[in-house]
Structure formats: structure tokens, C-alpha cells
Amino acid sequence: MVINGKEREMRQQVSLAELLGQEGFLEERVAVELNGEIIPKAAYGSTLVGGADRLEVVSFVGGG
């Protein structure tokens, strides 16, 4: 699996929500593209990822 251009070894599939938590991302502050397709936040818990998947995770940062 590739996350933001970095290879990660995944032995089994996990939900996107679980993976985001493992990687330290806050679901409410990210947008996720899986294999070129944007995944709606409502689908994070039911979307399985692993193997040859490619993820791009963009974090939103507040400021002023």
C-alpha cells in the first residue's frame, strides 16, 4: 500500500477509518483519495483498504 507516496506493508485489509487512526489522521480534518477516487467521509468506516491500494490523504489546517 502507498500512503502519500510512501510504501507501507499491510498484511490484511482494514477500514479506511481504522487506517487513518493508525496513521494519526483526524477523520474530520482530512480528505482522502483512494486509487484516484475521492471517498466520502460517510464511507470511511465501510471502505476496506490494503494490498496494492494507493491513498492520498490531505489534511486541513486552520489558522489566521
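Right above here is the structure, for reference.
From a predicted model like this one, the values you see are computed outputs, not experimental measurements. (Residues numbered from 1 in each chain as written. Predicted model: local features only at pLDDT ≥ 70, side-chain atom pairs only at ≥ 80, totals over all residues. Heavy atoms only, no water.)

With that settled, consider the side chain of Asp53. Relative to the helices and strands, Asp53 is located in the loop between strand 6 (48–49) and strand 7 (54–59). In this structure, Asp53 is in contact with Met1, Val2, Leu34, Asn35 and Leu48, ignoring residues within four places of it in sequence. (Helix = DSSP H or I, 4+ residues; strand = E, 2+ residues; numbered from the N terminus. Contact = heavy atoms within 4.5 Å.)

A few words on the pattern of salt bridges. If you walk through the whole model with that rule in mind, you get 2 salt bridges. The partner of Arg8 in a salt bridge is Glu23, and the shortest N-O contact between them spans 3.1 Å. Of this pair, Arg8 sits in the loop between strand 2 (6–7) and strand 3 (14–15) while Glu23 is found in the loop between helix 1 (16–22) and strand 4 (30–34), placing the two residues 15 residues apart along the sequence. Given the relative accessible area of 29%, Glu23 is considered partly exposed. The partner of Arg11 in a salt bridge is Glu9, and the shortest N-O contact between them spans 3.5 Å. Its relative accessible area of 78% is what places Arg11 among the exposed residues. Taking the relative accessible area as the measure of exposure, Glu9 reaches 65% and is therefore exposed. (Salt bridge = Lys/Arg side-chain N within 4 Å of Asp/Glu carboxyl O. Buried < 20%, exposed > 50% of the residue type's maximum accessible area, 1.4 Å probe, protein only.)

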